[in-house]
Amino acid sequence: MPFTPSAINYAQQYARELANAYPYLSYFGDIWASENSRRFRPVNAQTVMIPSMEVGGAHAVNRDAMNGQFTRKFNLTWEPKVMSMYREWDTILDEMDIVETNEVATIANITRTFNEFQKIPEMDAYMASKLGAFATAATTVDSTALTAANILSKWDDYLEAMTNARVNRDRVICYVTPATYKVLKQAAGITRFIEVANGIQAVDRNIAKLDGVVIKEVPSDLMQSAYSFADGFVATAAAKQINMIMVDPLAVIAPVVYEVSMISAPSAATKGKNVYYESYYYDVFQLNQRTAGIQANIA
């Protein structure tokens, strides 16, 4: 009896390749590939168990007595979070399409284009909308219109609130729209030093860091408060522009699980066509004890 090879599931290999690509393709790659996102994984394909721990404080040593009694000084609770973004994508590819395009139309090129222009931007849009929702729920959101005159003052307010909540400033990343970045560059109070010497000089007006906080520009269409994900992603009519998000990556988790990624070779059942199919879970959750780790300015 002739051997018939079955389709191979490349999900694990595909997941590793995408994890390596996040810093290059995703504006929020630092969160998608963060320590938390790797650490907290679903326990039954779609449910993530997030632990919360509280402990009692220390007390003075009694040198003159030892009662021999010890009590538990910590409480541990688990909160289940169910992943909701269960997505799939598929395409067919006729062998003649490969030949007639001089091998431009290949599964590798098609999936790469899908990742760069659909999947990763969709995940970033979802990330921004969830971070905005977390800030709104935790009342760490501000709606002040940002101007060159007030943006540094509001910046200080956000950092003050995070520092008072024991958020490590060195971990914080600030995501801003191009319009907000432009206002920040024009802010009253920002001092620049330009070295002038003989010849033509390059002037760099980028603000990569401010007060130790890394600043990253994100396109405005990926920084909306609400999206429809019926087919790809589209901002809803009620969506608001998110101007700025300050976030500690350790305040959130963003698990991504690839269930299926496979290619079926041409056969009679596929009418001689290649068939590609993938499905995957992803979501973004906030840690209950780190709600102060997100500050947002939403129009």
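Residues numbered from 1 in each chain as written. Predicted model: local features only at pLDDT ≥ 70, side-chain atom pairs only at ≥ 80, totals over all residues. Heavy atoms only, no water.

Novice: Which parts of the structure should I look at to understand the pattern of salt bridges?
Specialist: For side chains bearing opposite charge, pairing can occur when the charged atoms are close. Overall, the coordinates contain nine salt bridges when judged by the stated rule. Across the pair E35 and R39 runs a salt bridge whose closest N-O atoms are separated by 3.9 Å. Note that E35 and R39 are positioned in helix α3 (residues 35-39) at a spacing of four residues, about one turn of the helix. Judged by its relative accessible area of 45%, E35 falls in the partly exposed class. (Salt bridge = Lys/Arg side-chain N within 4 Å of Asp/Glu carboxyl O. Helix = DSSP H or I, 4+ residues; strand = E, 2+ residues; numbered from the N terminus. Buried < 20%, exposed > 50% of the residue type's maximum accessible area, 1.4 Å probe, protein only.)

Novice: Looking at this model, I keep getting lost on the side chain of S37. Mind explaining?
Specialist: You can see S37 is positioned in helix α3. At 2.8 Å, the side chain of S37 and the backbone oxygen of I31 are in polar contact. Each residue touching S37, except ones within four places of it in the same chain, is listed here: I31, W32, I253, A254 and P255. (Polar contact = N/O pair within 3.5 Å; in protein donor to acceptor, adjacent residues only side chain to side chain. Contact = heavy atoms within 4.5 Å.)

Novice: I'm lost on the pairing of strand β15 (residues 294-298) in this one. Help?
Specialist: Of all five residues in β15, five are buried; the element is thus mostly enclosed. Side chains I294, A296 and I298 of β15 all project onto a buried face; the interleaved residues Q295 and N297 project onto the opposite face, where all are buried too. As paired elements, strand β4 (residues 141-142) and β15 share two bridges and run parallel to each other. From the neighbouring strand, V141 faces β15, where its bridge partner is A296. Relative to β15, strand β10 (residues 242-247) is paired through five bridges, and the arrangement is antiparallel. (Pairing = 2+ DSSP bridges.)

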